[in-house]
Amino acid sequence: MHIVIIGNGISGITAARHIRKGSDYKITVISSESDHFFSRTALMYIYMGHMKYEHTKPYEDSFWKKNRIELKRAKVNAVVPASKSLVLEGGGALNYDKLIIAAGSQPNRFGWPGQDLKGVQGLYSLQDLEALEAHAPDKKHCRRAVIVGGGLIGIELAEMLRSRDIPVTFLVRESSFWNGVLPERESAMINEHIRQHHVDLRLGTNLKEILSDESGRARAIITDKDEQIECNLVGLTAGVRPNIGFLVNSGIETDKGVLVDRYLQTNIPDVYAIGDCAQQRIPIGKRRAVEAVWYTGRMMGETLARTLCGQDMEYKPGHWFNSAKFFDIEYQTYGWVSASRGRDPEEQHFHWRHPKELLCLTIAYDIKTRKLLGINSFGIRLRHKVVDHWLTHEFTVDQALEGLGEANFDPEQYRRYEDDILQAFSSKTEHIL
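In what follows, the accompanying structure is described. (Residues numbered from 1 in each chain as written. Predicted model: local features only at pLDDT ≥ 70, side-chain atom pairs only at ≥ 80, totals over all residues. Heavy atoms only, no water.)

With 51 residues, the main nonpolar core has Ile 5, Ile 6, Val 79, Leu 86, Leu 99, Ile 100 and Ile 101 as its most contacted residues. Sort the elements by how many residues they give to this core and helix 7 (residues 294-308) lands first, with 6 residues. When sequence neighbours within four positions are dropped, the list of residues in contact with Ile 101 reads Ile 6, Phe 246, Leu 247, Ile 252, Val 271, Tyr 272, Ala 273, Ile 274 and Cys 277. Grouped together as the second largest cluster of nonpolar side chains are 40 residues, Leu 123, Ala 136, Phe 177 and Phe 326 included. (Core = buried A, V, L, I, M, F, W, Y, C linked by side-chain atoms within 4.5 Å. Buried < 20%, exposed > 50% of the residue type's maximum accessible area, 1.4 Å probe, protein only. Helix = DSSP H or I, 4+ residues; strand = E, 2+ residues; numbered from the N terminus. Contact = heavy atoms within 4.5 Å.)

One non-glycine residue, Leu 264, adopts positive backbone phi at about 70 degrees. On the basis of relative accessible area, Leu 264 is assigned to the buried category, the value being 0%. Its identity as a non-glycine residue notwithstanding, Phe 327 has a phi of 55 degrees, on the positive side. Following the sequence through the fold, Phe 327 ends up in the loop between strand 21 (321-326) and strand 22 (329-335).

One open sheet accounts for 3 strands, arranged 4-5-6; its pairing is antiparallel. Each edge of the open sheet is held by one strand with a lone partner, namely strand 4 (76-80) and strand 6 (93-95). Sheet twist, expressed as the mean angle between neighbouring strand axes with direction ignored, is 20 degrees. Pairing of strand 5 (residues 85-88) with strand 6, which is carried by 3 bridges, proceeds in the antiparallel orientation. If you follow Leu 86 over to strand 6, its bridge partner there is Leu 94. (Pairing = 2+ DSSP bridges. Axes fitted to C-alpha atoms, helices over the stretch in contact; angles between N-to-C directions.)

What follows deals with the pattern of salt bridges. In the structure shown here, the tally under the stated rule is 24 salt bridges. With a closest N to O distance of 3.2 Å, Arg 353 and Glu 192 form a salt bridge. Pair noted here: Arg 353 is in strand 23 (residues 347-353) and Glu 192 is in helix 6 (residues 184-196), with a separation of 161 residues, a long-range link. For Glu 346, the salt bridge goes to Lys 368, with nearest N and O atoms at 3.0 Å. A residue pair is termed long-range when its members are at least 10 positions apart, and Glu 346 in the loop between strand 22 and strand 23 and Lys 368 in the loop between strand 24 (360-366) and strand 25 (372-378) qualify at 22 residues. It is possible to trace a salt-bridge network through shared partners that takes in Lys 84, Lys 98 and Asp 270. (Salt bridge = Lys/Arg side-chain N within 4 Å of Asp/Glu carboxyl O.)

It is worth spelling out the state of the cysteines at this point. Counted by the stated rule, this structure contains 0 disulfides. Cys 142 forms no disulfide, and the closest cysteine sulfur to it belongs to Cys 231, at a distance of 7.9 Å. A residue is classified by how much of its surface remains accessible, and Cys 142, at 0% relative accessible area, is buried. Free cysteine Cys 277: the closest other cysteine sulfur is in Cys 309, separated by 20 Å. Exposure remark for Cys 277: the relative accessible area of 0% places this residue in the buried category. (Disulfide = S-S within 2.5 Å.)

If you trace the backbone, Gln 106 turns up in strand 8 (residues 105-107). By relative accessible area, which is 26% here, Gln 106 ends up partly exposed. With residues near it in sequence (within four places) discarded, Gln 106 still touches Val 240, Arg 241, Pro 242 and Asn 243.

Attention now goes to helix 8 (residues 384-392). Owing to its 3.6 residues per turn, the α-helix brings residues three or four apart onto one side. Considered for burial, the residues of helix 8 that qualify are Val 386, Val 387, Trp 390 and Leu 391. Relative to the axis of helix 8, the buried residues are bounded by an arc of 135 degrees and lie together on one face. Contact partners of the buried residues in helix 8: strand 22, strand 25, helix 9 (397-402) and helix 10 (404-407). Looking one or two places after helix 8, you find Glu 394, whose phi comes out positive at around 55 degrees. (Arc of directions from axis to C-beta.)

With the rule as written, the count across this model stands at 20 aromatic pairs. A ring pair is formed by Trp 320 and Trp 336, whose centres lie 6.0 Å apart and whose planes are at 10 degrees; its orientation type is stacked. Here Trp 320 is found in the loop between helix 7 and strand 21, whereas its partner Trp 336 is found in the loop between strand 22 and strand 23, with 16 residues between them in sequence. Centre to centre, the rings of Phe 326 and Phe 378 are 6.1 Å apart; their planes meet at 25 degrees, and the pair counts as stacked. With Phe 326 in strand 21 and Phe 378 in strand 25, this pair connects stretches of sequence that are 52 residues apart. Taken individually, Phe 326 and Phe 378 each receive the classification buried, so the pair is uniform in this respect. (Phe/Tyr/Trp six-rings, centres within 6.5 Å; stacked < 30°, edge-to-face > 60°.)

With that out of the way, let us pick up the sheet that holds strand 1 (residues 2-6). As summarised here, the arrangement of the 5 strands in space is 3-2-1-7-19, forming an open sheet in which the pairing is parallel. Every interior strand has two partners, whereas the edge strands, strand 3 (69-73) and strand 19 (271-273), have only one. Within this sheet the neighbouring strands show an average axis-to-axis angle of 20 degrees, counted without direction.

This is the structure in structure tokens:
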């Protein structure tokens, strides 16, 4: 049995490792991005000087040969299921018995004039990091950068550039940062924090056009307010989309991503898809059909490996959770805390914010049953195991608040705020939204 995996990100490599643990199958991992698996989420720390590229590789280079996982550096141009083969760039081919598509994402581009100029890029791949070093090595060569798109990648890019004192203008089309995900007060706090880091945050502003200099490099952008902003770098961070262009005419069914069932199987026998490029035919609960999240990619890889090794297993990601960092503020979310827009009337929010520090907590619960629905935490670390237990066993909001001390995962010597939070909740004042 020869299993070929397209993509050497977290989902593809997790699948390879667990298939090796459970079988003696021949495994080939193919990627055009890098020779070895690396932690994509650590790219920003290479640019910021906290790490080197070699520090982002979880395994020694000898690991792959030792575990009989063949690594092939090549680009896949097409998949031909009828002959169970891949067409490689340059004319080569590779045959498989079972194929795992783990091709990841690519940055969104929306046809902006000038989007293909030099100095215009996303931040997803190792090649993007190399381009950033070339386009924005310091504030002398990059006198200003403009970032387009108010998501997690955009704020990471802003932090990276500010670490080298490069002035940043941040265009966010929404009226407040990430307010399609965060409740109003949380979003407002992040706006405040972004500006504290000397980022020129332009809310309710869209990119209209990117202007070129005489050498074909970006020199300025025009906003939808007809304002011109001079810049040497334009970061396009308006989300990502599944990398599936090479599957055109393959017969593998796609929509936004590669359509899969609960066993991560496509419509073609022996062809599977996992990670950022996979799309559930029927979304799981409130989850999105496509989830470009590190931990779900890892879970898909392990789940599919079990199936391919003879232990059929459905993909069951459990309760939603995620974490991120907005400059100095750590963010965690568990369950479902809806944004202000479109929130169900029965979803009540209790919001607490520290009067001086950038710390806050929002708890969502059902107004009728008082059942806990989810928690957002900014600057206060919560223990995943505890909150997941609350959600699984359908704790009430009152039980959750009483147990905040058990959930707190902050280091020793950190100040704790459980008493303040519980007192605010008990007072039933303006903290209830």
